[in-house]
Amino acid sequence: MAPPLITAFVRPRLAAPLTWGTPIDSLIAVPAETEESVTSRALFIFGLTYVAYAVLYLARKPVSVVKTTLEAELKMSIAALGRIDAALLLAYTAGQLLLGRTVAMLGRTLPLVLAFALSGASTATFGLASSASSMATAWAASGFFAASANPLMVIM
C-alpha cells in the first residue's frame, strides 16, 4: 500500500488502455477538484521540487572540495581521485543520452522523482564508502541519475 502522502497526490485511474510507448502521465485521470486545492497542491509540489533540485545541485561537486582530505585520511592517490571524478562525468553523459527514450516511455514525472530519489541514495552511499572503487561506483550512479534532473526541471 502506498504511503498517504503519495496517494494524496497521485490517484491512479487508468484513462486509456496501456500500450507500449504510451507515456504514463497520459494514462492517469485526475479527478475534478476546486481551483484552490489545485493551486495549493501546485505550490507545494513546486516548493518541494525546488528544494530537491537545490540539494541535488549542491551535492554535485563535493569530491573536488574534499580531495585533499580524502587523499590524507583514506590514503588515496591523485589518480584514484581523478577516476572518481571521471566516473561521475562519464555516467552523467550516458544518463543524458538515455534520457530522451526514458521520458518517451515513462512520461516526465516518474523519471524526475526517480532521479531525485536514486541520486540521493547513491550520494549517501558515496558518503559511506571507504574504497576508491566503491566511491567511483556510487559517484557514477549519482551522476547517471542526476543527469536527468536539470532537463526534466526545464520541461516541467
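See the structure printed just above.
Now for a quick tour of the structure. (Residues numbered from 1 in each chain as written. Predicted model: local features only at pLDDT ≥ 70, side-chain atom pairs only at ≥ 80, totals over all residues. Heavy atoms only, no water.)

## With respect to the layout of surface pockets
Line of reasoning, step 1. Of the volumes computed, that of the second largest pocket is approximately 200 Å³.
Line of reasoning, step 2. Among the elements of the structure, α5 (78-106), α6 (109-128) and α7 (132-146) are those that each provide at least two residues to the lining of the second largest pocket.
Line of reasoning, step 3. Among the elements that take part in the lining of the second largest pocket, α5 stands out by supplying five residues, more than any other.
Line of reasoning, step 4. Considered class by class, the residues forming the lining of the second largest pocket number nine nonpolar, three polar and no charged. (1 Å grid on protein atoms, 1.4 Å probe; cavity = no way out; pocket = protein on both sides within 12 Å on 5 of 7 lines; lining within 4 Å. Points joined across faces, edges and corners; volume = space filled by probe spheres on them. Helix = DSSP H or I, 4+ residues; strand = E, 2+ residues; numbered from the N terminus. Nonpolar A, V, L, I, M, F, W, Y, C, P; charged D, E, K, R; others polar.)

## Re empty space enclosed by the protein
Line of reasoning, step 1. A full pass over the atoms with the stated rule returns one cavity of 30 Å³ or more.
Line of reasoning, step 2. Approximately 50 Å³ is the volume attributed to the largest cavity.
Line of reasoning, step 3. Considering the residues around the largest cavity, the lining is formed by Leu-56, Ala-59, Arg-60, Leu-88, Ser-119, Trp-139, Ser-142, Gly-143 and Ala-146.
Line of reasoning, step 4. Ranked by residue count, the leading element in the lining of the largest cavity is α7, at four residues.
Line of reasoning, step 5. By residue class, the composition of the lining of the largest cavity is five nonpolar, three polar and one charged.

## Quick look at the packing of aromatic side chains
Line of reasoning, step 1. Counted under the stated rule, the structure contains three aromatic pairs.
Line of reasoning, step 2. Arranged with centres 4.7 Å apart and planes meeting at 35°, the rings of Phe-126 and Trp-139 form a pair that is tilted. Residue Phe-126 is located in helix α6, and its partner Trp-139 is located in helix α7; the two are separated by 13 residues in the primary sequence. Of the two residues, Phe-126 and Trp-139, neither departs from the other in class, the shared state being buried.
Line of reasoning, step 3. Considering the side-chain rings of Phe-144 and Phe-145, the 5.4 Å spacing of their centres and the 80° angle between planes classify their relative orientation as edge-to-face.
Line of reasoning, step 4. With relative accessibility at 32%, the residue Phe-144 sits in the partly exposed group. (Phe/Tyr/Trp six-rings, centres within 6.5 Å; stacked < 30°, edge-to-face > 60°. Buried < 20%, exposed > 50% of the residue type's maximum accessible area, 1.4 Å probe, protein only.)

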